[in-house]
Amino acid sequence: MKLRILKSAVTNPWFNLATEDWIFNTLNPDSHTLFLWRNSETVVIGRSQNPWVECKIDKMEADEVFLARRQSGGGAVFHDLGNTNFTFLSPKDDYDQEANFTIIINALKKLGIDAELSGRNDMQVGDKKISGSAFKHAADRSFHHGTLLVNANMQKLSDYLNPHPLKLKAKGIKSVRARVANLKEFNTDINHETLSEAIIEAFYEYYNDTAPVEELDEASLAKQPNLNKYYQQMADWDWRFGKTPEFTHHIETRFDWGIIDLHLDVKHAVISEVVIFSDALNVELIDLLKETLTDIKYDRHEIKAKFDELSKAHPELAAQVDDVSVWLTSEIEG
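Starting afresh in each chain, residues are numbered from 1 along the sequence in its written order. The model is predicted, so local features are restricted to residues of pLDDT at least 70 and side-chain atom pairs to those at 80 or more, both for listing and for counting; the totals for chains, interfaces and linings are taken over all residues. Water and hydrogen atoms were dropped before computing side-chain values, which therefore reflect all heavy atoms in the structure.

(A) Molecular detail of helix α8 (residues 227-235). Working definition: with a 1.4 Å probe on protein chains only, accessible area under 20% of the residue-type maximum means buried, over 50% means exposed, and in between means partly exposed. The numbering of helices and of strands both runs from the N terminus, where a helix is a DSSP run of H or I of at least 4 residues and a strand a run of E of at least 2. The complete set of buried residues in α8 reads L227, Y230, M234 and A235. Mapping the buried residues of α8 onto a view down its axis gives an arc of 130°, with all of them on the same face. Directions from the helix axis toward the C-beta atoms define the arc.

Below, the structure written as structure tokens:
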């Protein structure tokens, strides 16, 4: 069985996740492939997760933090340049998940760090989690990827992965937070390059073979016909938000002109049904609010734009519409 090693110089997460898809769907699975990469500041959610439940969309937007949805399952993680990400691809008949973990653990030993497998998905040093993994399988190939905390900004991890307390009744997977630590705590000299070199060396040793390291950049990968298609998917709003499992959002407040008790049913990140209970005297206002919100994206920018249009079309209701717009967009925070 041959070996193949790919290393990305690109830090755009949509590009790197697209590269993973290209590796998974396009590469001939006749070898054990290792892909090493890292991302600029990004929250990566699992395939079945709700971004509004998992992270602070508004803060991420203000700080220009990427949101990415991967193809595999699992929970939400924060990536920055202090993370090293690894991907293993093997033929399904020769896939050995334990071997992948052994390679990473052996690499860490080279750097003086004693890590161990914790449960099915994680690795830890002592009682601190330093790595999480997720998996995907197809008819002829299997895929294992994970992240290693090298020198990640833990404050930002906390900032973006502690969501606002929205009153959401969400289906899908919710993340479970664990005690985490950077590998830098156990070896002050470790960085992405030294860790990558150790992983490659451990990969060689485990399979008793070598292979040249293929450096990937945007220019080289632009030549791959399927890569741009995968990139467009990863960057697309409909993938990152629209694939969210169905959920409901119930909020209520009191304005000078009446109570609004609002129930939104959201499917594929589009508001599919709106129920409003209110003691407001103007029944037309309530009907127009319901009509405006139905069948639009669950996205504060789109909601604000629709309410601005409604205010212009009905200037006599503009003050009340603007009240609802400010309140609802602040509640969605995304």
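Here the narrative resumes, following the displayed structure.
(B) Just a negative patch on the surface, in detail. On the surface, D93, D94, D96 and E98 cluster together into a patch of negative charge. Here E98 shows up in helix α4 (residues 97-110). Taking the relative accessible area as the measure of exposure, E98 reaches 59% and is therefore exposed. The patch calculation keeps residues exceeding 30% relative accessible area without a salt bridge and links them within 9 Å when they carry like charges or within 5 Å when they are nonpolar (Val, Leu, Ile, Met, Phe, Trp, Tyr). Reported accessibility uses the Shrake-Rupley method at a 1.4 Å probe radius. Residues are deemed covered only where the shown protein chains occlude them. The salt bridge criterion pairs a side-chain nitrogen of Lys or Arg with a carboxyl oxygen of Asp or Glu, the two atoms within 4 Å. Counted as positive: Lys and Arg. Counted as negative: Asp and Glu. His and the chain ends are not counted at all. Note on charges: their place is set at NZ of Lys, CZ of Arg, CG of Asp or CD of Glu.

(C) Representation of the environment of N151. Position of N151 among the secondary structure elements: in the loop between β10 (141-149) and α5 (154-161). Residue N151 is classed as partly exposed on the basis of its relative accessible area of 46%. C-alpha separation for the pair N151 and A181, spaced 30 residues apart in sequence, amounts to 8.8 Å. Beyond its immediate chain neighbours, meaning those up to four positions away, N151 contacts G82, N182 and K184. We call two residues in contact when some of their heavy atoms are within 4.5 Å.

(D) Just the sheet that holds strand β6 (residues 83-91), in detail. For two strands to be treated as a pair, DSSP must find at least two bridges joining them. Taken together, the eight strands give an open sheet; going across it, the order is β7-β8-β9-β10-β6-β2-β1-β12, and neighbouring strands pair in mixed fashion. Both outer strands of the open sheet, β7 (116-118) and β12 (213-216), are each paired with one neighbouring strand and no more. Between one strand axis and the next, the sheet turns by 25° as a mean value, whatever way the strands run. Alignment of strand β1 (residues 2-8) against β12, held across four bridges, turns out to be parallel. The residue bridging I5 from the neighbouring strand is V213, located in β12. Angles shown run from 0 to 180 degrees and are taken between the N-to-C directions of axes, each axis being a line fitted to C-alpha atoms and, for helices, limited to the stretch in contact. Running over the sheet, helix α1 (residues 13-26) touches β1, β2 (31-37), β6, β9 (128-137), β10 and β12 and is turned about 175° from β2. Across the sheet, helix α6 (residues 192-207) touches β1, β2, β6, β10 and β12, and the angle it forms with β2 is around 170°.

(E) Broad picture of the side chain of T87. In this fold, T87 is placed in strand β6. By relative accessible area, T87 is classed as buried at 2%. What qualifies as a polar contact is a pair of N or O atoms within 3.5 Å, subject to a donor-acceptor requirement within protein and to the restriction that residues adjacent in sequence count only when both atoms come from side chains. Polar side-chain contacts of T87 include one of 3.0 Å to the side chain of W37. Not counting residues up to four positions away in its chain, the partners in contact with T87 are E20, T33, L34, F35, W37, F143, H144 and H145.

(F) Quick look at the pairing of β1. Taken across its seven residues, β1 has five buried, putting it largely inside the fold. Here β1 pairs with β2 via six bridges, running parallel. Paired with K2 across the bridge in β2 is S31. The path from the first strand over the helix to the second decides the hand: if it runs clockwise while the strands point away from the viewer, the crossover is right-handed. In terms of handedness, the path from β1 via α1 over to β2 forms a crossover that is right-handed.

(G) Focus on the packing of aromatic side chains. Pairing of aromatic rings covers Phe, Tyr and Trp, the last counted by its six-membered ring, and requires centre-to-centre distances within 6.5 Å; plane angles under 30 degrees mean stacked, over 60 mean edge-to-face, and any other angle means tilted. What the rule picks out here adds up to 16 aromatic pairs. With a centroid separation of 5.8 Å and an interplanar angle of 40°, the aromatic rings of W52 and F247 are classed as tilted. Here W52, found in helix α2 (residues 51-54), pairs with F247, found in strand β13 (residues 247-255); they are 195 residues apart in sequence, far enough to count as distant. The pair W52 / F247 is uniform in exposure class, with both members buried. Here the aromatic residues W52, W237, F241, F247 and Y298 are joined through ring pairs into a cluster of three or more. Sitting over a ring, as applied to charges here, requires NZ of Lys or CZ of Arg to be within 6 Å of the ring centre and within 35 degrees of the ring normal. The ring of F143 carries the charged tip of K136 above its face, separated from the ring centre by 5.4 Å. Seen from the ring of W237, K297 lies directly overhead, with NZ or CZ sitting 4.3 Å from the centre.

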